[in-house]
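Below are the chains, spelled out letter by letter.
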Amino acid sequence: TDKINWESTYYWRVRAIGGNWMSTYSFTTSSTRSNVTVIMYDESQYAEGNTIFGSAAGTYSAVIDKEGAEIWNSGSDNIIYYNLSDDGKFFGAQFNNALEFQYPGIKFSLTEGILWQEPNEEFVHHELMELPWGDYMGIAHVVELGPICAPLGGDWWVLYAADGYMADCITNEYPWWGDHLVIWDKDTKEVVWSWSTFDYYNIMDYDAISWDSQVPYLENYYDWTHINAFYFDERDSSIYLSTRNLSRITKLQYPSGDIIWNMGHESASGDVTFGHDL
């Protein structure tokens, strides 16, 4: 395989010693997708193996070796790699602009393509994993109305007020994007369990800096939590999740959903009890 290159055709034929040649066979390799440059700073610290990454902008995934040579890509399947489980299963999304939710979460194989796909009834993002009993868990958006907390009298507060909003950080009047964890049955793809940030987090806790920017106003929603990772620990039936926009790690009990602890950025609600100075 060291002699096999991208965008090339290779031929082979076989014969026994003193016998006749069998038919000639061939295969053609597809096009490379990535353009990678590798800089080695300390080779002694390099972990053996290959590196896989997904490109949301390019809607592909690729595997590179230690020197940066591409040894696999997802071709035209528009697969975007998210993660690899401990037992060697690949998860990600497949971009499809014909769908309302354009990035359905998938389980896939490097050789067999897509093996499982969530039902695409909501926007699933960032993370999908198979649970020990075979069902699948992902992160999906959930939207509810919340207050506008732009600084009173500021430039953005004036624009919200001009649009007819109270913008008083009390009135629930503006779309807040939260998240919920969802578990789908592996066979029926029905939702069998969910956990929403709106049910377990206090909306007193939010990123005030973002309200002092143009982003919530121009996007017509406030990106409140933005969970982007989770881990299911079967040893004590718990779930760890990372809530980016609150700078918070949460451990919760499954299946009750009760929060065991929150660590990270100190919060107005007082729900984050340790890890403030990490």
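Report follows, based on the coordinates. (Residues numbered from 1 in each chain as written. Predicted model: local features only at pLDDT ≥ 70, side-chain atom pairs only at ≥ 80, totals over all residues. Heavy atoms only, no water.)

1. Some remarks on the pairing of strand 12 (residues 174-184)
Line of reasoning, step 1. Of all eleven residues that make up strand 12, nine are buried, and the element is covered over most of its length.
Line of reasoning, step 2. Where strand 12 meets strand 14 (residues 222-223), two bridges bridge the pair, whose relative direction is parallel. Its bridge partner lying in strand 14, Trp-177 is registered against Asp-223.
Line of reasoning, step 3. In terms of strand pairing, strand 12 meets strand 13 (residues 191-196) through five bridges, oriented antiparallel. (Buried < 20%, exposed > 50% of the residue type's maximum accessible area, 1.4 Å probe, protein only. Helix = DSSP H or I, 4+ residues; strand = E, 2+ residues; numbered from the N terminus. Pairing = 2+ DSSP bridges.)

2. Concerning the state of the cysteines
Two cysteines whose sulfur atoms are joined by a covalent bond form what is called a disulfide.
Line of reasoning, step 1. Counted according to the given criterion, the structure contains one disulfide.
Line of reasoning, step 2. In this model, Cys-149 is linked to Cys-169 through a disulfide, with the two sulfur atoms separated by 2.1 Å. Between Cys-149 and Cys-169 the sulfur-sulfur dihedral comes to about 85°; the bridge is accordingly right-handed. Of the two residues, Cys-149 sits in the loop between strand 11 (136-146) and helix 1 (155-162) while Cys-169 sits in the loop between helix 1 and strand 12, which places them 20 residues apart along the sequence. (Disulfide = S-S within 2.5 Å.)

3. A word on the nonpolar core
Line of reasoning, step 1. Membership of the largest hydrophobic core comes to 38 residues, with the highest contact counts inside it found for Tyr-160, Leu-181, Trp-193, Trp-211, Phe-230, Ile-239 and Leu-241.
Line of reasoning, step 2. Contributions of two or more residues to this core are made by strand 10 (124-130), strand 11, strand 12, strand 13, strand 15 (227-233) and strand 16 (238-243).
Line of reasoning, step 3. Tallying contributions element by element places strand 12 first for this core, with six residues.
Line of reasoning, step 4. The contacts of Ile-239, once residues within four sequence positions are left out, are Met-137, Leu-181, Trp-193, Phe-230, Tyr-231, Phe-232, Thr-250, Lys-251, Leu-252 and Tyr-254.
Line of reasoning, step 5. Judged by nonpolar contacts, the second largest core, of eight residues, contains Ile-52, Ile-79, Phe-90 and Ile-106. (Core = buried A, V, L, I, M, F, W, Y, C linked by side-chain atoms within 4.5 Å. Contact = heavy atoms within 4.5 Å.)

4. A short note on the packing of aromatic side chains
Line of reasoning, step 1. Following the criterion strictly, the structure yields 31 aromatic pairs and no others.
Line of reasoning, step 2. Look at Trp-261 and Phe-274: their rings are 5.4 Å apart centre to centre, the planes differ by 75°, and that puts the pair in the edge-to-face class. Of this pair, Trp-261 sits in strand 18 (residues 259-264) while Phe-274 sits in the segment after strand 18, placing them 13 residues apart in sequence.
Line of reasoning, step 3. Sitting over the face of the ring of Tyr-201, Arg-248 holds its NZ or CZ atom 4.7 Å from the ring centroid. (Phe/Tyr/Trp six-rings, centres within 6.5 Å; stacked < 30°, edge-to-face > 60°. Lys NZ or Arg CZ within 6 Å of the ring centre and 35° of its normal.)

5. Here's the deal with the sheet that holds strand 9 (residues 113-117)
Strand pairing in a sheet relies on backbone hydrogen bonds, with the paired strands running either antiparallel or parallel.
Line of reasoning, step 1. The strand order across the open sheet formed by four strands is 6-7-8-9, and the pairing between neighbours is antiparallel. Each edge of the sheet is formed by a strand with only one pairing partner; in this case those strands are strand 6 (79-84) and strand 9. Taken pair by pair, the neighbouring strands of this sheet meet at an average axis angle of 40°, ignoring direction. (Axes fitted to C-alpha atoms, helices over the stretch in contact; angles between N-to-C directions.)

6. What about unusual backbone geometry?
Line of reasoning, step 1. Cis geometry is adopted by the peptide bond preceding Pro-255, which originates at Tyr-254 and carries an omega value of 10°.
Line of reasoning, step 2. As for its position among the elements, Pro-255 is in the loop between strand 17 (248-253) and strand 18.
Line of reasoning, step 3. Positive phi outside glycine occurs at Ala-167, with the angle close to 50°.
Line of reasoning, step 4. You can see Ala-167 is positioned in the loop between helix 1 and strand 12.
Line of reasoning, step 5. Despite not being glycine, Ser-247 has its phi angle at roughly 50°, a positive value.
Line of reasoning, step 6. Among the structural elements, Ser-247 can be located in the loop between strand 16 and strand 17.
Line of reasoning, step 7. Of the residues examined, Ser-247 reaches a relative accessible area of 45% and is grouped as partly exposed.

7. Points about the side chain of Thr-197
Line of reasoning, step 1. Tracing the chain through its elements places Thr-197 in helix 2 (residues 197-200).
Line of reasoning, step 2. Residue contacts for Thr-197: discarding those within four places in its chain leaves Gly-178, Asp-179, Trp-224, Thr-225 and Ile-227.

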